[in-house]
Amino acid sequence: MEVVKPFVKWAGGKNSLIPQLTKYYPLELKDGTIERYIEPFVGGGAVLIDILQKYEVKEAYAFDINKDLINCYNVIKNNVESLIKELDEKEKIFIALNSEDRQKYFYDIRTEYNSYQLNENIDVKRASEFIFLNRTCFNGLYRVNKDGKFNVPCGKYKNPTICDAKNLRNLSKLIKNVVFECGDYQKSESLVNDNTFVYFDPPYRPLSVTSGFTSYTKEDFNDENQKELANYYSKLSKKNAKLMLSNSNPKNVNEEDDFFENIYKGFNINEVSAKRMINANAKGRGEISELLITNYEEQSIWNSQTSSTIKMIALA
């Protein structure tokens, strides 16, 4: 099978970080001890896709509070040809239009998308609108206001790929046995045991007041939520599951900020190099470090092949 890519652009997506994250996967994933993989914040699914392509896991579960995102995964999994048909039609119409008419077409679809709510059934039409908006909106953002309405303006792309039929078909095959559910990360608790690997990719803690971006849904994810997640992480660790979690590194802007050292005391905190991609100003998309927190010793320690861009901070 060809390399499968995430089907959406997603703020905080991990596709570019995969080569670094792979070095921190637990060794039990490679030797087959891990039988179950769980992502409580699946987002764009880059890590899920990477693991499914590289390793044999008997079961995989993915959760997200964004019900439209979960709808897309389930449509791709169960009804990919109908989705491709709808996206192909939208792409042909959009590409043939001039710049002014593209804007009108975009805002017409955005208005339609915001005019109704997803019901309990798998909705191909809504999935096609979600993907179309993601592929044609400004900077590939998914952002909603406090009323839950998608509010990103139209982007200015010359020839955007709206319907990547080949990738969608390959992704559909890859995720055929994955269970996708809409829900809070704590919904995963009953599924976690000592043969489980859990990767957390929550909304990041903002590096500054102006850099905050947590509006994937109408709910925000504040410091209290981060602390609650850390408590949940500790609870799962007691089940002897293997855990890995990504978040921002506050020391990029304040060397004295020990927020994550405090709430993840006793776990391994590592730094990985990342590029800030979601920024309206291209000059604000430079390289920064992010945190990767595990409850096990990294394989990079065991095989002595630590990358020069990765530093481990061992906490007692």
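Before reading further, recall that the structure is shown in the block above.
Residues numbered from 1 in each chain as written. Predicted model: local features only at pLDDT ≥ 70, side-chain atom pairs only at ≥ 80, totals over all residues. Heavy atoms only, no water.

A.B. asks: Would you take a moment to explain the overall build of the chain for this structure?
C.D. replies: Check the secondary structure of the chain and you find 11 helices and eight strands. Residue burial in the chain is summarised as follows: out of 316 residues, 53% are buried. Across the chain, every contact between residues at least 6 apart in sequence was considered, and the portion connecting residues at least 24 apart equals 75%. For the chain, the exposed surface amounts to about 15,200 Å²; the carbon and sulfur share of it is 47%. (Helix = DSSP H or I, 4+ residues; strand = E, 2+ residues; numbered from the N terminus. Buried < 20%, exposed > 50% of the residue type's maximum accessible area, 1.4 Å probe, protein only. Contact = heavy atoms within 4.5 Å. Areas by Shrake-Rupley, 256 points an atom, 1.4 Å probe, with all protein chains shown as cover.)

A.B. asks: Sorry if this is basic, but what is going on with the packing of helix 5 (residues 80-96) against helix 7 (residues 124-136) here?
C.D. replies: For any two helices packed against each other, the geometry is given by the interaxial angle and the distance between the axes. Where helix 5 meets helix 7, the closest approach of the two axes is 9 Å, and the angle between their N-to-C directions is 45°. Comparing the axis directions of helix 5 and helix 7 gives the class oblique. Considering only the axes of helix 5 and helix 7, their crossing is right-handed. On helix 7, the residues that touch S82, L83, E86, L87, K90 and F94 of helix 5 are V124, K125, A127, S128, E129, I131, F132 and T136. Of the residues assigned to the contact of helix 5 with helix 7, the class counts are seven nonpolar, three polar and four charged. (Axes fitted to C-alpha atoms, helices over the stretch in contact; angles between N-to-C directions. Parallel < 35°, antiparallel > 145°, perpendicular 65-115°, else oblique. Left-handed = near helix turned anticlockwise from the far one by under 90°. Nonpolar A, V, L, I, M, F, W, Y, C, P; charged D, E, K, R; others polar.)

A.B. asks: How should I be thinking about the side chain of D123 in this particular structure?
C.D. replies: Take D123: it is sitting in the loop between helix 6 (99-114) and helix 7. It turns out D123 is buried and unbridged, and the closest side chain with the opposite charge, R126, is 6.0 Å from it. Leaving out residues up to four positions away in the same chain, D123 has contacts with N71, V75, Y116 and L118. (Lys, Arg positive; Asp, Glu negative; His and termini not counted. Salt bridge = Lys/Arg side-chain N within 4 Å of Asp/Glu carboxyl O.)

A.B. asks: Looking at this structure, how should I read the packing of aromatic side chains?
C.D. replies: In this description, a pair of aromatic rings is defined by centroid distance and the angle of the planes. What the rule picks out here adds up to 24 aromatic pairs. With a centroid separation of 5.1 Å and 85° between ring planes, the pair formed by F259 and F260 is classed as edge-to-face. Look at F260 and you get buried, because its relative accessible area is 0%. Linked through ring pairs, F41, Y185, F200, F221, Y232, Y233, F259, F260, Y264 and F267 together constitute an aromatic cluster. Residue placement shows R126 over the ring face of Y113; its charged tip is 4.0 Å from the ring centre. One cation-aromatic arrangement involves R205 over F259; the distance from NZ or CZ to the ring centre is 4.0 Å. (Phe/Tyr/Trp six-rings, centres within 6.5 Å; stacked < 30°, edge-to-face > 60°. Lys NZ or Arg CZ within 6 Å of the ring centre and 35° of its normal.)

A.B. asks: Where do I start with the pairing of strand 2 (residues 59-64) in this structure?
C.D. replies: Counting buried residues along strand 2, five of its six residues qualify, which places the element largely inside the surrounding structure. As judged from the four bridges shared by strand 1 (residues 36-39) and strand 2, these two strands associate in the parallel manner. From the neighbouring strand, E39 faces strand 2, where its bridge partner is A62. Read as a crossover between parallel neighbours, the route from strand 1 over helix 3 (residues 46-54) to strand 2 is right-handed. In this sheet, strand 3 (residues 178-182) lies alongside strand 2 in parallel orientation, the contact comprising five bridges. Bridge assignment links A60 to a residue of strand 3, and that residue is V178. (Pairing = 2+ DSSP bridges. Right-handed = clockwise from strand over helix to strand, strands pointing away.)

A.B. asks: Help me understand the pattern of salt bridges in this model?
C.D. replies: Pairing between side chains of opposite charge can happen when the charged atoms of each approach one another. Enumeration over the complete set of coordinates arrives at 21 salt bridges. As a salt-bridge pair, K5 and D164 come within 3.8 Å of each other at their nearest N and O atoms. Of this pair, K5 sits in the segment before helix 1 (18-21) while D164 is found in the loop between helix 7 and helix 8 (165-174), placing the two residues 159 residues apart along the sequence. Take K5: its relative accessible area is 44%, and that puts it in the partly exposed class. Residue class for D164 comes out partly exposed when judged on its relative accessible area of 25%. Overlapping salt bridges bring together E112, K125 and E129 as one network.

What is shown is where atoms sit, not what they do.
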